[in-house]
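Take a look at the letters that make up each chain.
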Amino acid sequence: MEPQKLYIHARCPQCGSQLKFAGGKRKLQCTKCKYSRDLGRVGDQVQAKSLKAGVSVKHFERGLGPGFKSYQCGGCKSVIAIHHPTPETPPPTHCPFCEGTSLEETDRHEQVLQPYSLVPFMLSQATAASILTKWLKAGPPMLPNEILEITGKERLRPVFMPFFMFDSLARTTWKGEMAIKYLQKKGKGVEEKKAWEPTKGFLEHFFDDSFVLATAGGGGEFRSVSSYHFRKLVPFDPGYLGDGFVECYQKDELKGFEEAEKFMNGQIEGAVRRSIKSRELKDLKVTNEYTSISFRHVLVPVWVASYTYRGHRFQYFVNGQNGKVSGAKPISFPKIFAVVGTITVLTLGLVWLLS
């Protein structure tokens, strides 16, 4: 079977030509000169690191690597980083999430923990543009005509989004009261009664790769396409980032685990309720202890486009691994009025013919 292609959006630091990924050799190679460099291999083991509440993570490496600069958008407040191979490299002119032009330089790219791993792009820009175009054209033709401009190279941009992924062993004790139903004679018939009996128990569960989106720029639209195959992770290497944007996370690791813990608590309570035969419970108290906690800072690929229509901003995301699309479609009011007008004229014409 032919190996899956990985796409890296980068240019050669020596001659400026487009770089390509030599899949068999796991190298980044120039299409013109002899420049090449090794990259982390797909399948290399990516180790999670330990995280305990209150323990400093200052011994972990920080930063995305040399040559990066980061900018905060004055509009949507996302913080994006991009590689600047030379001091003369111009800064980005537009935010990939909202097309805002108010970008203030920051040092956030130096403060973030260095990612442990990432999911490479599996879709080229042309493929992502084709998928988005087909998705936009599906359904009634009510879109503004200019919306298809967002599929161009300058509007549909590659972005790596940040996740925190947590592993943890949960030990849970619970107690409460469950309803026991029985029948009791009443006159000539019977009636259903119930009594409450104490119940308690213990369960243990290992959570593997509970992930938390650590971004501000994506929001709900990105969450709906954030179904990645995390077994395709590769060790972090700045070479994979190329000319793409990286959104710098704005939640720290401990806050991320608090979100993951809320999710795990809900999963555990559901498991407790399923383990009790009675469907009716009261005074249920669940106590969870999380041990063997480990985490990874992971980057995942997505193609991002933004479109503003009549003062409303629409965001579009194409999963860079599997092509899943999310976004809302604006409706062109002139086209609606034209359709309504056409229907009205046809209806009046039909009434006149039949009269």
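Please read all numbers here as calculations on a predicted model, not as lab measurements. (Residues numbered from 1 in each chain as written. Predicted model: local features only at pLDDT ≥ 70, side-chain atom pairs only at ≥ 80, totals over all residues. Heavy atoms only, no water.)

*Asks:* What is the right way to read the overall build of the protein from this model?
*Replies:* A tally of helices and strands in the protein yields 5 helices and 15 strands. By the burial criterion, 44% of the 355 residues in the protein qualify as buried. Contacts in the protein between residues far apart in sequence, at least 24 positions, make up 72% of those at least 6 positions apart. Carbon and sulfur atoms make up 54% of the accessible area of the protein, which totals about 19,900 Å². (Helix = DSSP H or I, 4+ residues; strand = E, 2+ residues; numbered from the N terminus. Buried < 20%, exposed > 50% of the residue type's maximum accessible area, 1.4 Å probe, protein only. Contact = heavy atoms within 4.5 Å. Areas by Shrake-Rupley, 256 points an atom, 1.4 Å probe, with all protein chains shown as cover.)

*Asks:* Honestly, the pattern of salt bridges in this entry has me stumped. Any pointers?
*Replies:* A side chain of one charge can pair with a side chain of the opposite charge when the charged atoms of the two come close. A complete count under the given rule lists 5 salt bridges for this structure. Across the salt bridge formed by glutamate 99 and arginine 157, the nearest N and O atoms sit 2.8 Å from each other. Taken together, the positions of glutamate 99 in the loop between strand S6 (79-83) and strand S7 (103-106) and arginine 157 in strand S9 (residues 157-186) put the pair 58 residues apart, joining distant regions of the chain. The same class applies to glutamate 99 as to arginine 157, namely buried. For glutamate 269, the salt bridge goes to arginine 273, with nearest N and O atoms at 3.3 Å. Residue glutamate 269 and its partner arginine 273 are both found in helix H4 (residues 253-275); the two are separated by 4 residues, about one turn of the helix. Glutamate 269 sits in the partly exposed class, given a relative accessible area of 34%. (Salt bridge = Lys/Arg side-chain N within 4 Å of Asp/Glu carboxyl O.)

*Asks:* What is the right way to read the environment of glutamine 184 from this model?
*Replies:* For glutamine 184, the location among the structural elements is in strand S9. Each C-alpha atom, one on glutamine 184 and one on lysine 194, is 9.7 Å from the other, the two residues being 10 residues apart in sequence. Setting aside chain neighbours within four positions, we find glutamine 184 in contact with Gly189, Val190, Glu191 and Lys193.

*Asks:* When you look at the nonpolar core in this model, what are you seeing that I'm missing?
*Replies:* Where a protein is soluble and globular, its nonpolar side chains tend to be buried together. Among the nonpolar cores identified, the biggest contains 55 residues, and Leu118, Leu132, Ile150, Leu241 and Tyr316 are the most heavily contacted of them. Element by element, the count of residues in this core is highest for strand S13 (residues 281-309), at 9 residues. Beyond its immediate stretch of four places on either side in the chain, leucine 132 contacts Ile150, Thr151, Leu156, Tyr316, Val318 and Val325. Membership of the second largest hydrophobic core comes to 26 residues, among which are Cys76, Phe245, Val300 and Phe317. (Core = buried A, V, L, I, M, F, W, Y, C linked by side-chain atoms within 4.5 Å.)

*Asks:* Would you mind showing me how to read the pairing of strand S14 (residues 312-319) here?
*Replies:* For a regular strand, side chains alternate in direction, first toward one face of the sheet and then toward the other. Among the 8 residues in S14, 6 count as buried, and that is most of the element. The pairing of S13 with S14 spans 8 bridges and is antiparallel. Within S14, the position partnered with tyrosine 307 by the bridge is phenylalanine 314. The loop that links S13 with its antiparallel partner S14 comprises 2 residues; one of these, arginine 310, has a positive phi angle of about 50 degrees. With 2 bridges connecting them, S14 and strand S15 (residues 325-326) associate as antiparallel partners. Within S15, the residue paired with phenylalanine 317 across the bridge is serine 326. The hairpin formed by S14 and S15 contains 5 residues between the paired strands, and glycine 323 there has a positive phi angle of roughly 85 degrees. (Pairing = 2+ DSSP bridges.)

*Asks:* Quick question: what am I supposed to make of the packing of aromatic side chains here?
*Replies:* Between two aromatic rings, the relevant description is the distance of the centres plus the angle of the planes. All told, the structure shown has 8 aromatic pairs when counted by the stated rule. Both rings, one in phenylalanine 121 and one in phenylalanine 160, keep their centres 5.2 Å apart while their planes meet at 80 degrees; by these two values the pair is edge-to-face. Taken as a pair, phenylalanine 121 in the loop between strand S8 (117-118) and helix H2 (125-137) and phenylalanine 160 in strand S9 lie far apart in primary sequence, 39 residues in all. Neither phenylalanine 121 nor phenylalanine 160 differs from the other in exposure class; each is buried. Centre to centre, the rings of phenylalanine 222 and phenylalanine 317 are 5.7 Å apart; their planes meet at 55 degrees, and the pair counts as tilted. Of this pair, phenylalanine 222 sits in helix H3 (residues 219-223) while phenylalanine 317 sits in strand S14, placing them 95 residues apart in sequence. For the pair phenylalanine 222 and phenylalanine 317, a shared accessibility class is recorded, and that class is buried. Taken together through their ring pairs, the aromatic side chains of Phe121, Phe160 and Trp303 make up a single cluster. Cation over ring: arginine 108 sits above tyrosine 249, and NZ or CZ is 5.2 Å from the ring centre. Just above the ring of tryptophan 135 sits the side chain of lysine 329; from NZ or CZ to the centre is 4.7 Å. (Phe/Tyr/Trp six-rings, centres within 6.5 Å; stacked < 30°, edge-to-face > 60°. Lys NZ or Arg CZ within 6 Å of the ring centre and 35° of its normal.)

*Asks:* Looking at this model, I keep getting lost on the confidence of the model for the protein. Mind explaining?
*Replies:* Low-confidence regions, as indicated by low pLDDT, have predicted coordinates that should not be scrutinised in detail. Counting all residues, the mean pLDDT for the protein is 79, and 79% of those residues have values of 70 or more. Here strand S4 (residues 49-50) stands out as the element of the protein with the lowest mean pLDDT, 52, in contrast to S7, whose mean of 93 is the highest. Every residue in residues 42-46 is under pLDDT 50, and counting partners more than four places away or in other chains gives 11 contacts. (pLDDT = per-residue confidence, 0-100.)

*Asks:* Help me understand unusual backbone geometry, please; the structure alone is not making it clear to me.
*Replies:* Glycine aside, negative phi is the norm for most residues, and most peptide bonds take the trans geometry. Of note in the backbone geometry, lysine 77 takes a positive phi value of approximately 70 degrees without being a glycine. The backbone phi angle of glutamate 99 is positive, close to 65 degrees, even though this residue is not glycine.

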